[in-house]
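Geometric and topological summary
Chain residues, written in single-letter form:
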Protein chains: 2
Amino acid sequence: MVRKSASGRIGIADVAVKAGVSHATVSRVMNGNFTVDPEIAARVRAAAVELKYQPNPVGRSLALGKTDTIGIVVPDLANPTFQAILRGLSRAAAQDGYRVLIADSFEVSSEETILAGEARRRCDGLVLCAPRMSDAELEEIAPSLRPLVLINRTTAAAGVPSLVVDYGQGVQDIAEHLVDLGHTRLAFLAGPPRSASNNLRLQGLEAFKTAHPQVEVTMLEGGSDFDTGHGAVDAVLESGATGILAFNDLVAMGLMSGLHERGLDVPGDISVTGFDDIPFAKYTTPTLTTAAVPITELGEQAWHQLRALIRNEESDAPGSRYQPKLEVRASTGPAKAARTAVHG
Amino acid sequence: MVRKSASGRIGIADVAVKAGVSHATVSRVMNGNFTVDPEIAARVRAAAVELKYQPNPVGRSLALGKTDTIGIVVPDLANPTFQAILRGLSRAAAQDGYRVLIADSFEVSSEETILAGEARRRCDGLVLCAPRMSDAELEEIAPSLRPLVLINRTTAAAGVPSLVVDYGQGVQDIAEHLVDLGHTRLAFLAGPPRSASNNLRLQGLEAFKTAHPQVEVTMLEGGSDFDTGHGAVDAVLESGATGILAFNDLVAMGLMSGLHERGLDVPGDISVTGFDDIPFAKYTTPTLTTAAVPITELGEQAWHQLRALIRNEESDAPGSRYQPKLEVRASTGPAKAARTAVHG
DNA sequence: CTTGCCTCAGAAAGCGTTTTCTCAGGCTTC
DNA sequence: GAAGCCTGAGAAAACGCTTTCTGAGGCAAG
């Protein structure tokens, strides 16, 4: 029985037989090695075309020690931020002939380490997106995951570049904007407690508070999706704040929807701000004031950093910091005369 | 020089040496083969742990002829529909220990064939999501891509299950809903011309028109994103229609935003409907009447079909048809007295 | 005419696993 | 006590490719 039918798929051996040459020569031709007689090369190519031969990437990977694939680990594929990063990463990597393997940890931080390790072994490099694991754990496993690029997280481990968005500055810009409009009572609708980007926002707000002691800033528990915003209406109203900084655009949209149901006007009664500037933010009613994060570009840059690591190039920048840009739209307006806390 | 330092990574050979056994025995232990003396097994396991040995998946894949990975090809990763399918697929596959490799064709139909082939060779199976290629091409390459599952597309090729959403029925349900509210002049804001799901909608509308000859239905060119809807305001107003069926929720949101800017009231002046019921649809202002598609579930089912194919099981269902469910919300209301065409 | 170099293709050795094949040693059974 | 089984571990082949090594043949130079 011929090898061919054994695997069911035609391999390099079949082409070699058909062209009357050795495996080695077929390999050389397929890889554009010019030390092959042009006539033989043509014969091999003809055989390959006729047999519709396509090299098996697994065999190739084993021989070359590389897979032309990179991995990305995200805490939640449903989150538009991670979707956008994935998109930018995938597009940029594709341009260099790399594919992307995805691993969704579903916010289970204990899974992250295992997922990351498994993904890394199948790939030539890894992007770890806002990992929820502890600093200690991250630092411990980082070396074994290299080449590794972090997004919205930093580590003390060496040779691991980080791409971080300056959420702290962004949230301060938003707060300043609200103060400029005359708001003196603000509220922050926080994100997931384990989220590093939420902590950065909190730090930014602390800085803001010391710079503006006259402004009252209420902290409210939250999350990262619509329901968080929608369910926070009562808490927001109770706080008596007239300017609300939502954790992100989704939360802001949920909140605006809830306020609308209560018959309140945005920004007439209350100003609402988001964060991220997802595409939807331009099309909400009213359009949403937010801080724009060039998130797709972040994914793209992640690939460039990772590529440099894989190629063992001098990483020109060992990481970067992105400044969000305030986008003033229609969901923020002048503060009404000071409101008093509303009950129920 | 020892093998160990040659590859930089520890392999099965290192464990074998450390435990004083052969490669074969290490492999047996790692794969839970019980024909190994418990004492030796323990020794091997201890060595593996001490060396932090993790089997190389590439070598494993080559030997086993499977990669425990599946591929998905989508026309546009930015599209929420495909994101949701990806999410459902990824989650379901992960539960069975499979990973997902993504390939984004960026709406370039000529790339699809190549991407699909490359992805397939790296994986154990493939999901082709609403491919834009021609029927002829699809039918030609389908056999070489098996195990293959199609989403929102069918083919005459054998052994290729399809999961399709009945967009035609969905669009009829929406149109009926608008007619029930008294609308007699409708307009359909179409999607991308090459999209199979758009064609299904058009067929549905033809069926609707023959059933309701008294209703006027205007066809408008379109696309699949916000800007399409936002930019279609003039055309919509010119049509004189009072009930607008947008291609999907994104287009509907863009349209509502544009109408709002023109000072028109939804649904007071014009009723607007979407399609898909993306999470945002519940939180627009007004909330969006749409046809809900269980899209994440679609991704999940795609995995189940693919799994059956991979395992060579009897595919219980050679494909399925999903019925969208009308979700009546606040963007549709009773028709005003017939409007006349508005210019400019 | 011979030596030596150079070109180019085949043989074979990896890459890191799994798995079949082989065989040594201990046990049962007559 | 010897013949045959059975258990369990090592040797080696296989997976499909790349690449080094080897060697045959052609050609130029002395």
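Scroll up to find the structure.
Presented here is a report on the structure given in the accompanying data block. (Residues numbered from 1 in each chain as written. Chains lettered and ligands numbered in written order. Predicted model: local features only at pLDDT ≥ 70, side-chain atom pairs only at ≥ 80, totals over all residues. Heavy atoms only, no water.)

1. Concerning the protein's contact with DNA strand D
Note the cut-off: Think of it this way: one heavy atom of a residue within 4 Å of a molecule or strand is enough to make that residue near it. Contacts described as polar in this section are N or O atom pairs within 3.5 Å, which, within protein, must combine one atom able to donate a hydrogen with one able to accept it, while residues neighboring in sequence count only if both atoms come from side chains. Strands are runs of DSSP state E lasting at least 2 residues, helices are runs of H or I lasting at least 4, and numbering of each runs from the N terminus. The classification used treats Ala, Val, Leu, Ile, Met, Phe, Trp, Tyr, Cys and Pro as nonpolar, Asp, Glu, Lys and Arg as charged, and all other residues, Gly among them, as polar.
As a structural note, the neighbourhood of DNA strand D is formed by 27 residues, with Ile12(A), Ser27(A), Arg60(A), Thr25(B) and Asp37(B) the closest of them. Per the 4 Å cut-off to the protein, sugar and phosphate atoms form 69% of the nearby atoms of DNA strand D. A distance of 2.8 Å is found between a phosphate oxygen of DNA strand D and a side-chain nitrogen or oxygen belonging to Arg60(A). Sorting elements by how many residues they give to the surface near DNA strand D places helix 5 (residues 57–64) of chain A first, with five residues. Of the residues belonging to the surface near DNA strand D, the class tally is 13 nonpolar, nine polar and five charged.

2. Side note on the side chain of Arg329(B)
All names here are of chain B. So the rule is basically this: Whether two residues are in contact is decided by their heavy atoms: any pair within 4.5 Å suffices.
Tracing the chain through its elements places Arg 329 in the segment after strand 12 (325–327). Separated by 3.0 Å, the side chain of Arg 329 and the backbone oxygen of Leu 288 make a polar contact. Arg 329 has contacts with Asp 277, Ala 281, Lys 282, Thr 287, Leu 288, Thr 289 and Thr 290, leaving out every residue within four places of it along the chain.

3. Looking at the packing of helix 9 (residues 167–180) of chain B against helix 10 (residues 196–211) of chain B
Residues and elements named next belong to chain B. This is how it is decided: Here, axes are lines fitted to C-alpha atoms. For helices the fit covers the stretch in contact, and angles between N-to-C directions go from 0 to 180 degrees. Each angle gets one of four labels, with under 35 degrees taken as roughly parallel, over 145 as roughly antiparallel, 65 to 115 as roughly perpendicular, and the rest as oblique. Here a crossing is called left-handed whenever its near helix is offset anticlockwise from the far helix by less than a right angle, and right-handed whenever the offset is clockwise.
With their axes 7 Å apart at the nearest point, helix 9 and helix 10 run at an angle of 45° to one another. Here helix 9 is positioned oblique relative to helix 10, judged by the angle of their axes. Crossing handedness for the pair helix 9 and helix 10: right-handed. Contact residues: Tyr 167, Gly 168, Val 171, Gln 172, Ala 175, Glu 176 and Val 179 in helix 9; Ser 197, Leu 200, Arg 201, Gly 204, Leu 205, Ala 207 and Phe 208 in helix 10.

4. Some points on the packing of aromatic side chains
Worth spelling out the cut-off: Think of it this way: a Phe, Tyr or Trp ring, Trp meaning its six-membered ring, pairs with another when their centres are within 6.5 Å, and the plane angle makes it stacked under 30 degrees, edge-to-face over 60, tilted otherwise. Only protein chains enter the accessibility calculation, which uses a 1.4 Å probe; a residue whose area is less than 20% of its type maximum is buried, one above 50% is exposed, and one in between is partly exposed.
One pass over the structure, following the stated rule, counts nine aromatic pairs over all chains. A centroid spacing of 4.9 Å and a plane angle of 85° characterise the contact between Phe226(A) and Phe280(B), whose relative ring orientation is edge-to-face. You can see Phe226(A) sitting in helix 11 (residues 226–231) and its partner Phe280(B) sitting in the loop between strand 9 (271–273) and strand 10 (290–292), one on each of two chains. Taking the relative accessible area as the measure of exposure, Phe280(B) reaches 8% and is therefore buried. Measuring from centroid to centroid gives 5.4 Å for Tyr167(B) and Phe275(B), while their planes differ by 45°, and the two rings are tilted. In this pair, Tyr167(B) is assigned in helix 9 and Phe275(B) in the loop between strand 9 and strand 10, connecting sequence segments 108 residues apart. Of the residues examined, Tyr167(B) reaches a relative accessible area of 3% and is grouped as buried. Take Phe275(B): its relative accessible area is 1%, and that puts it in the buried class. Taken together through their ring pairs, the aromatic side chains of Phe226(A), Phe280(A), Tyr283(A), Phe226(B), Phe280(B) and Tyr283(B) make up a single cluster.

5. Brief notes about the protein's contact with DNA strand C
Near DNA strand C, the surroundings consist of 29 residues, among which Thr25(A), Arg28(A), Asp37(A), Ser27(B) and Arg60(B) are the closest. When atoms of DNA strand C within 4 Å of the protein are split into backbone and base, the sugar-phosphate part holds 67%. Measuring from a base oxygen of DNA strand C, one finds a backbone N or O atom of Ala63(A) at 3.4 Å. In this structure, a phosphate oxygen belonging to DNA strand C sits 2.9 Å away from a side-chain N or O atom of Asn31(B). Elements with a minimum of two residues in the surface near DNA strand C: helix 3 (23–30) and helix 5 of chain A together with helix 1 (3–7), helix 3 (23–30) and helix 5 (57–64) of chain B. If you tally residues by element for the surface near DNA strand C, the top one is helix 5 of chain B, at five residues. Residue composition of the surface near DNA strand C, grouped by class: 13 nonpolar, 11 polar and five charged.

6. Looking at unusual backbone geometry
What is expected of a backbone is that most residues other than glycine have negative phi and most peptide bonds are trans. Residue and element names in this part refer to chain B. Residue Pro 147 is reached from Arg 146 by a cis peptide bond, and omega for that bond is 0°. Relative to the elements of secondary structure, Pro 147 occurs in the loop between helix 8 (135–145) and strand 4 (148–151). In the Ramachandran plot, Phe 106 falls in the positive-phi region, its phi being about 50° despite a non-glycine side chain. With a phi angle near 40°, Ala 130 is a residue other than glycine that sits in the positive phi range. Its location among the elements puts Ala 130 in the loop between strand 3 (125–129) and helix 8.

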